[in-house]
Amino acid sequence: MADYALTGHPLGHSMSPLIHNRLFELSGITDARYSLVDIAPEDIPNSRALIEKYAGMNVTIPHKQTVIALMDELADSALRYNSVNCIKNDNGRLIGFNTDCDGFLRSAEQLPIDGNVVILGCGGVGRMMAIETALHGGALTLAVLKKDIGLAQNLTDEILAKCSGASVKIVDISELDGKFDLMVNATPVGMYPKVEGCPVSDSAVENCSAFFDAVYNPTETTLIRKARAMGKTAVGGASMLVYQAVKAHEIWYGGSFGTQELSTIIKEVEAAVDSMNQDG
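Worth saying up front: this structure is predicted, and the values here are computed from it rather than measured.

What counts, and at which threshold
Residues numbered from 1 in each chain as written. Predicted model: local features only at pLDDT ≥ 70, side-chain atom pairs only at ≥ 80, totals over all residues. Heavy atoms only, no water. Helix = DSSP H or I, 4+ residues; strand = E, 2+ residues; numbered from the N terminus. Buried < 20%, exposed > 50% of the residue type's maximum accessible area, 1.4 Å probe, protein only. Contact = heavy atoms within 4.5 Å. Polar contact = N/O pair within 3.5 Å; in protein donor to acceptor, adjacent residues only side chain to side chain. Pairing = 2+ DSSP bridges. Axes fitted to C-alpha atoms, helices over the stretch in contact; angles between N-to-C directions. Phe/Tyr/Trp six-rings, centres within 6.5 Å; stacked < 30°, edge-to-face > 60°.

Engineer: Could you give me a rundown of the environment of Asn277, with the residues and numbers involved?
Structural biologist: Of note, Asn277 is situated in helix α10 (residues 259-279). Here Asn277 falls in the buried class, since its relative accessible area comes to 17%. Once the C-alpha coordinates of Asn277 and Val168 are considered, the two residues, 109 residues apart in sequence, prove to be 38 Å apart. Ignoring any residue separated from it by four or fewer positions in sequence, one finds Asn277 in contact with Tyr192, Asn217 and Pro218. Here Asn217 takes part through its side chain, which lies 2.6 Å from a polar atom of the side chain of Asn277.

Have a look at this one:
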């Protein structure tokens, strides 16, 4: 039996077992099991032996940085973001990866990421999305709260260091104006249970052609709903959740999946999230 797991703290309810077990099924792997392993932050430095018991692990907050000290090797993706969310146990060698970027890029494959892009928020996932957008030729506008202007400037400096010649500007999110090819929401606004929230005005939505919202609960945020009502292309966060998991399976054992198969899993995740909210 090959054991895999998600670690973080606290873990609470997670979609990971559903997603990963379905991916094992699609791969025809019947001797793998996926579990949740809650590790307290203070215990991470002494968790090497525990992690070595697993063929592979996913890592979520707050361990994405602290687990780095336990790795024997870091892939380029982990080095780029100083963040590990996937571990491969290669015969006792622990290799750290970041598959969040793969999840975002695959979710946004049909979106104009190389166009005029506004990203709402600049922390955590927003930082990754901004850097990936710049690396793929997008002209970036970082729309942030006034209190986060300093963070946005630090991110701008980081982007220009990684991608010389990149186009980056910063605006107060409440003053967002102009037309964009793509709007990416990397804020928690609209997340369950405060589902009525929308990070920007209706006029800002009207001025964008396509949308990606990293929030996956609810499956259709107010932002996504408004965009679709205007006939615009809008992708929700469940796809990113599934695609970053897909990348983990590719890393762990060379898994390969069809687009239609993955579309079915995304729908299953969305249905599970909606059901969970109704039960709750």
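Still more to cover.
Engineer: Describe helix α1 (residues 16-26), with residues and values.
Structural biologist: Among all positions in α1, only Ser16, Pro17, Ile19, His20, Arg22, Leu23 and Phe24 are buried. Residues of α1 that are buried in the fold lie against β1 (2-8), β2 (32-38), β3 (56-59), α9 (238-253) and α10. Downstream of α1 by a residue or two, Gly28 has a phi angle that is positive, lying close to 75°.

Engineer: Now, about the sheet that holds strand β5 (residues 86-90): what can you tell me, with residues and values included?
Structural biologist: Backbone hydrogen bonds are what pair the strands of a sheet, in a parallel or an antiparallel way. Strand order in the open sheet formed by six strands is β2-β1-β3-β5-β6-β4, with mixed pairing between adjacent strands. Edge positions in the sheet fall to β2 and β4 (73-74), since each of these pairs with one other strand and no more. Strands in contact with α1 are β1, β2 and β3; relative to β2, the strand with the most contacts, it is inclined by about 160°. With respect to the sheet, α9 is in contact with β1, β2, β3, β5 and β6 (93-97), its orientation differing from that of β5 by roughly 10°.

Engineer: Tell me about the sheet that holds strand β11 (residues 208-213), and please be specific about residues and values.
Structural biologist: Pairing in this open sheet of six strands is parallel, and the strands run β9-β8-β7-β10-β11-β12 from one edge to the other. With partners counted over all chains shown, the strands left at the sheet margins are β9 (168-172) and β12 (233-235), one partner each. Going from strand to strand, the sheet's axes swing by 20° on average, the running direction of each strand aside. Judged from the five bridges that link them, strand β10 (residues 180-185) and β11 form a sheet pairing that is parallel. Its bridge partner lying in β11, Val184 is registered against Phe212. The strands touched by helix α5 (residues 125-135) within the sheet are β7 (116-120), β8 (139-144), β10 and β11, with β7 carrying the most contacts at an inclination of about 170°.

Engineer: Mind laying out the packing of aromatic side chains, listing which residues take part and the relevant values?
Structural biologist: Scanning the entire structure with this criterion turns up four aromatic pairs. Measuring from centroid to centroid gives 5.0 Å for Tyr4 and Phe24, while their planes differ by 45°, and the two rings are tilted. In this pair, Tyr4 sits in strand β1 while Phe24 sits in helix α1, placing the two residues 20 residues apart along the sequence. A relative accessible area of 8% means that Tyr4 is categorised as buried. Classification of Phe24 by relative accessible area gives buried; the value is 2%. For the pair Phe104 and Phe212, a centre-to-centre distance of 5.6 Å together with 70° between the ring planes defines the contact as edge-to-face. Here Phe104 is found in helix α4 (residues 100-107), whereas its partner Phe212 is found in strand β11, with 108 residues between them in sequence.

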